[in-house]
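Structural description and commentary
For reference, the chains in residue letters:
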Amino acid sequence: YGNYVPLTASNEPSPSKSFPTWLNQGYYFGVQFPNREAHILNQMGIWIFSSGVLLLVVIFFVYTLFVILRQKRLSEVQRDFINNMTHEFKTPISTIAVSTGVLKDEAIVHYPDRLAKYVGIIEKENQRLHQQVDRVLQFARFDKGDIEMKKEQHDAHEIINETIQAFASTLNQRNGLINFSPSAKSSIVHVDKLHFMNALFNLLDNAVKYGSDNPLIQIHTHNKNDRLCIDVKDNGMGIRSEDLKKIFQKFYRVPSGNVHDVKGFGIGLSYVEAVIRSHGGKIAVTSEIGKGSLFSIHLKTVL
């Protein structure tokens, strides 16, 4: 019956632990199991041990599988990064090689216009190589934490205007347009001007690279509580929902058909997110295929 009958001299059974009352019976017989739980656990000892070993094996297997998949992902990222870097460097190097071959012709001195043209090409491609190398090195230093932020009070609207002016030449090559509507009444922020400008420049650069033939970029600022919100919207191809969670990862590039049809190393948005986070801010993105993307930066203002 699963109950315990105490072996005492008392004739009255325990109110909580007793056999049921049997009518018209003169004798009772009881069996006591004082250590029932301990006996069961003792009989299950080998099974508990084997279950523990099996659990450890399963955990080790899952961890090993996780490490293998992670290494595979890192290997794929490394391969894509090397391929992109090779392509990015190969194009300007080839252009410089062709231009220098033309300049080796002694007769070119008689054609000053052609001479100036090819010298300009070499200078432009050299600047492009310098920017690419500087971008990679800067990201590497920032990722390692070797760069010390020089945060000062700046007007975000002035920084945005300077960034737009610096980006004007790139935008003109694509017949693009930037509309800036500063609606924020409080725009003073405590930032490192150089890195903040670089972050904005990367957002504009992505808007052009993934934009239409005539890119249109809209920049809008407003205040929300004690924060400055900077919205950068483009009219590009948009980003799929499954890619939105990955675009801020290192070296990740949104697939767009041909792997080399959009230039870059996949470090731009990762750098932007790291810069904004180092300033105590947040960046979010919303996008829809065929309708462009909207990047929103939230920074605390200086009251």
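If you're wondering where the values come from, they're calculated on a predicted model, not measured in any experiment. (Residues numbered from 1 in each chain as written. Predicted model: local features only at pLDDT ≥ 70, side-chain atom pairs only at ≥ 80, totals over all residues. Heavy atoms only, no water.)

Along the protein, the regular secondary structure elements total eight helices and seven strands. Within the protein, buried positions represent 31% of all 303 residues. Intrachain contacts of the protein at a sequence separation of at least 6 include 69% that bridge at least 24 residues. (Helix = DSSP H or I, 4+ residues; strand = E, 2+ residues; numbered from the N terminus. Buried < 20%, exposed > 50% of the residue type's maximum accessible area, 1.4 Å probe, protein only. Contact = heavy atoms within 4.5 Å.)

Moving on to the sheet that holds strand E6 (residues 282-287). The five strands lie next to each other as E2-E4-E5-E7-E6, forming an open sheet whose pairing is mixed. Both edges of this open sheet fall to strand E2 (177-182) and E6, since each of them pairs with a single strand only. The average undirected angle you get between the axes of adjacent strands in this sheet is 15°. In terms of strand pairing, strand E4 (residues 216-224) meets strand E5 (residues 227-233) through seven bridges, oriented antiparallel. By the bridge assignment for E5, Lys224 is matched with Arg227. (Pairing = 2+ DSSP bridges. Axes fitted to C-alpha atoms, helices over the stretch in contact; angles between N-to-C directions.)

What follows is about the pairing of strand E3 (residues 188-191). Because side chains alternate across E3, one face comprises the buried residues Val189 and Val191, and the other comprises Ile188 and His190, none of which is buried. Here strand E1 (residues 152-155) pairs with E3 via four bridges, running antiparallel. What sits directly across from Asp155, in E3, is Ile188.

Moving on to the packing of helix H4 (residues 156-166) against helix H6 (residues 193-209). Across the interface, H4 lies against H6 with an axial gap of 10 Å and an inter-helix angle of 55°. Judged by the angle between their axes, H4 and H6 are oblique. Classified by chirality, the crossing of H6 by H4 is right-handed. Of the residues in H6, those in contact with Ile159, Ile160, Glu162, Thr163 and Ala166 of H4 are Lys193, Phe196, Met197, Leu200, Phe201 and Leu204. Of the residues in the contact of H4 with H6, the class split is eight nonpolar, one polar and two charged. (Parallel < 35°, antiparallel > 145°, perpendicular 65-115°, else oblique. Left-handed = near helix turned anticlockwise from the far one by under 90°. Nonpolar A, V, L, I, M, F, W, Y, C, P; charged D, E, K, R; others polar.)

So, on to the nonpolar core. The biggest cluster of nonpolar side chains holds 36 residues, and the ones touching the most others in it are Ile178, Phe196, Ile217, Ile219, Ile230, Phe295 and Ile297. What Ile219 contacts, discounting residues up to four positions off in sequence, is Ile160, Ile164, Ile178, Asn179, Phe180, Ser181, Leu204, Ile230, Asp231 and Val232. (Core = buried A, V, L, I, M, F, W, Y, C linked by side-chain atoms within 4.5 Å.)

Keep in mind that low pLDDT regions are not for reading the predicted coordinates in detail. Per-residue pLDDT for the protein has a mean of 79; in total, 77% of the residues score no lower than 70. Per-element averaging of pLDDT across the protein places helix H1 (residues 36-43) at the bottom with 74 and E5 at the top with 93. Ignoring residues within four places in sequence, the model shows residues 258-262, a span with pLDDT below 50, making 10 contacts including any to other chains. (pLDDT = per-residue confidence, 0-100.)

Take unusual backbone geometry next. A negative phi angle is the norm for most residues apart from glycine, just as the trans form is the norm for most peptide bonds. Even without being a glycine, Asn225 presents a positive backbone phi close to 60°. By the secondary structure assignment, Asn225 is in the loop between E4 and E5. Overall, the relative accessible area of 77% leaves Asn225 in the exposed class.

Structurally, the α-helix is built with 3.6 residues per turn, so residues lying three or four positions apart point the same way. Buried residues of H4: Ala156, His157, Ile159, Ile160, Thr163 and Ile164, and no others. Buried residues of H4, seen end-on, are gathered within an arc of 160° and therefore sit on one face of the element. (Arc of directions from axis to C-beta.)

What follows deals with the pattern of salt bridges. In this structure the tally under the stated criterion is three salt bridges. Between Glu273 and Arg277 there is a salt bridge, with the nearest N and O atoms lying 2.5 Å from each other. Separated by four residues within a single helix, Glu273 and Arg277 lie in helix H8 (residues 268-278), roughly one turn from each other. The exposure class assigned to Glu273 is partly exposed, which follows from its relative accessible area of 24%. For the salt bridge of Glu288 with Lys291, the shortest nitrogen-to-oxygen distance reads 3.7 Å. (Salt bridge = Lys/Arg side-chain N within 4 Å of Asp/Glu carboxyl O.)

Here we take up the packing of aromatic side chains. Here a ring pair, both rings aromatic, is described through the centre-centre distance and the interplanar angle of the planes. Inspection of every chain in the model, using the stated rule, returns one aromatic pair. Seen in terms of ring centroids, Phe167 and Phe201 are 5.1 Å apart; in terms of plane orientation they differ by 80°. Their pairing is edge-to-face. Of this pair, Phe167 sits in the loop between H4 and helix H5 (168-173) while Phe201 is found in helix H6, placing the two residues 34 residues apart along the sequence. Given the relative accessible area of 24%, Phe201 is considered partly exposed. (Phe/Tyr/Trp six-rings, centres within 6.5 Å; stacked < 30°, edge-to-face > 60°.)

So, on to empty space enclosed by the protein. Scanning all chains against the criterion turns up two cavities of 30 Å³ or more. Size it by volume and the second largest cavity reaches roughly 50 Å³. Around the second largest cavity, the lining residues are Ile160, Thr163, Leu200, Leu204, Ile219, Ile230 and Val232. If you list the elements that add at least two residues to the lining of the second largest cavity, you get H4, H6 and E5. For the lining of the second largest cavity, the residue count by class is six nonpolar, one polar and no charged. (1 Å grid on protein atoms, 1.4 Å probe; cavity = no way out; pocket = protein on both sides within 12 Å on 5 of 7 lines; lining within 4 Å. Points joined across faces, edges and corners; volume = space filled by probe spheres on them.)

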